[in-house]
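# Structure at a glance
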Amino acid sequence: MTFQMILTEIHERVGLIRLNRPKELNALNPQLLGELLEAADAFDANDAIGCVVIAGNDKAFAAGADIKQMAKASPVAMLELVYIDLWDRLAEIRKPIIAAVSGYCLGGGNELAMACDMIIASDTAKFGQPEIGIGVIPGAGGTQRLARAVGKALAMEMVLNNRWLSAEEALQHGLVNHVYTVDSYLDEALKLAAGIANQAPVAARIGKEAINMAFETSLASGIAHERKLFYLLFATQDQKEGMAAFKDKREPKWQGK
Ligand code: DAK
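This write-up is about the structure you can find in this document.

The rules behind each value
Residues numbered from 1 in each chain as written. Predicted model: local features only at pLDDT ≥ 70, side-chain atom pairs only at ≥ 80, totals over all residues. Heavy atoms only, no water. Helix = DSSP H or I, 4+ residues; strand = E, 2+ residues; numbered from the N terminus. Rg over C-alpha atoms; globule rule 2.2 N^0.38 Å. Buried < 20%, exposed > 50% of the residue type's maximum accessible area, 1.4 Å probe, protein only. Contact = heavy atoms within 4.5 Å. Areas by Shrake-Rupley, 256 points an atom, 1.4 Å probe, with all protein chains shown as cover. Patch = residues over 30% accessible without salt bridge, like charges linked within 9 Å, V, L, I, M, F, W, Y side chains within 5 Å. Salt bridge = Lys/Arg side-chain N within 4 Å of Asp/Glu carboxyl O. Lys, Arg positive; Asp, Glu negative; His and termini not counted. Charge placed at Lys NZ, Arg CZ, Asp CG, Glu CD. Pairing = 2+ DSSP bridges. Axes fitted to C-alpha atoms, helices over the stretch in contact; angles between N-to-C directions. Near = heavy atom within 4 Å. Polar contact = N/O pair within 3.5 Å; in protein donor to acceptor, adjacent residues only side chain to side chain. Nonpolar A, V, L, I, M, F, W, Y, C, P; charged D, E, K, R; others polar. 1 Å grid on protein atoms, 1.4 Å probe; cavity = no way out; pocket = protein on both sides within 12 Å on 5 of 7 lines; lining within 4 Å. Points joined across faces, edges and corners; volume = space filled by probe spheres on them.

## Let's talk about the overall build of the chain
Helix and strand counts for the chain stand at eleven helices and ten strands. Relative to the 2.2 N^0.38 estimate, which gives 18 Å for 257 residues, the radius of gyration of the chain is 19 Å and therefore close to what a compact globule would have. Expressed as a percentage of the 257 residues in the chain, the buried residues total 43%. Considering only intrachain contacts with a sequence separation of at least 6, the fraction spanning at least 24 residues in the chain is 67%. Here the chain displays about 13,600 Å² of accessible surface, and carbon together with sulfur accounts for 57% of that area.

The following block contains the structure:
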């Protein structure tokens, strides 16, 4: 695969995707998003990969969707420009995805980070939904995921009054998992990803599915769904291996089956 707007690397069982449009602060255009999804799909389909990390550079994770491309769009042109299905497809990747965020994480950039399963931030990260400043509102899940992540009160302030969060504030309000120095955040994200990638692969995928279900359904149906997924895991070799290894006091050897 050759890409122009992203870079990809493989670190043992972790697939790393780096947004690479630095002059435009990684503003997200259809080509960049298309390449991002193509790389994420390829890692999702690759049994040798257990977890994916999406990063920008130290100055910007992404400063949002490309405003210059959107500026004169009609509603129909927007459909074609922003490729709505590309935004939604990231949430369909079955393997765990970590966003490693430094610098600007704004608008569609923040929506992209929130569509991942966890966020690791550098201490220079700035999170915001500044769309109100250009006369619109978030359009890729920002109002919904932000309200679920930080609560209604703060989400209202961020979306209606362009309030940005520092990395520390984002940590305090539950938007990010951890904050590290700018020199170490990417390594730490890769370490966390390596930890996840070395767990039982099917259980990791199913655990992700079960937690995401919590945002889609009532408590009772979420618990019923979890129960079925729990039973399903007893059909895997990894469940037999994990429980046998516990009894034998040894490390399990996962097959992902
Ligand atoms: N789009 C296009 N270019 C951008 C950009 C963006 N979002 N952000 C930065 N750039 C470009 C700048 O134009 C500049 O390019 P040149 O003028 O040099 O050619 C270059 O990146 C460097 O930016 P600055 O010179 O502005 O750098 P500063 O350090 O002074 O300021 C900044 C950094 C991040 C504060 C500033 O660039 C800024 O305010 N950027 C815009 C932030 C923003 O408003 N983001 C929200 C965009 S709207 C949807 C899906 C997604 C979306 C909507 C719908 N659907 C599925 C329906 C998402 C919408 C958005 O994200």
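## Focus: a negative patch on the surface
Taken together, the side chains of Asp 58, Asp 123, Glu 168 and Asp 183 present a region of like negative charge at the surface. By the secondary structure assignment, Glu 168 is in helix 7 (residues 167-172).

## A few points about the pattern of salt bridges
Counted by the stated rule, this structure contains ten salt bridges. For Glu 188, the salt bridge goes to Lys 191, with nearest N and O atoms at 3.3 Å. One end of the pair is Glu 188 and the other is Lys 191, both in helix 8 (residues 185-197) and three residues apart, which spans about a single turn. With its nearest N and O atoms 2.7 Å apart, the salt bridge here joins Arg 250 to Glu 241.

## Some remarks on the sheet that holds strand 7 (residues 118-122)
If you trace the six strands from one edge of the open sheet to the other, you get 1-2-3-5-7-10, paired in mixed fashion. Only two strands of the sheet have a single neighbouring strand rather than two, namely strand 1 (6-11) and strand 10 (178-180). With strand direction ignored, the average angle separating the axes of adjacent strands in the sheet is 20 degrees.

## Points about the site of the ligand
The ligand sits among 25 residues. The nearest are Ala 63, Ala 65, Ile 67, Lys 68 and Gly 108. Contact between the ligand and Ile 67: a nitrogen atom at 2.9 Å from a main-chain N or O atom of the residue. Between the ligand and Gly 139 there is a distance of 3.3 Å, counted from a nitrogen atom to a backbone nitrogen or oxygen. For the ligand, whose accessible area on its own is 1,100 Å², the fraction buried by protein is 67%. Of all the elements in the fold, those that place two or more residues in the shell around the ligand are helix 2 (67-70), helix 3 (75-89), strand 6 (104-106) and helix 4 (108-115). Grouping the constituent residues of the shell around the ligand by class yields 15 nonpolar, four polar and six charged.

## Brief notes about the layout of surface pockets
The calculated volume of the largest pocket comes to roughly 890 Å³. Forming the walls of the largest pocket are 30 residues, and the residues nearest its centre are Met 114, Cys 116, Asp 117, Asn 212 and Phe 215. Elements supplying a minimum of two residues to the lining of the largest pocket: helix 4, strand 7, helix 5 (142-150) and helix 9 (201-213). By residue number, the principal contributor to the lining of the largest pocket is helix 9, which donates seven residues. Split by residue class, the lining of the largest pocket holds 18 nonpolar, six polar and six charged. What the second largest pocket holds in volume is close to 570 Å³. Taken together, 27 residues make up the lining of the second largest pocket; nearest its centre are Ala 65, Met 70, Glu 131, Val 136 and Ile 137. Of all the elements in the fold, those that place two or more residues in the lining of the second largest pocket are helix 2, helix 3 and helix 4. No other element matches helix 3, which puts seven residues into the lining of the second largest pocket. Across the lining of the second largest pocket, the residue classes break down as 19 nonpolar, five polar and three charged.

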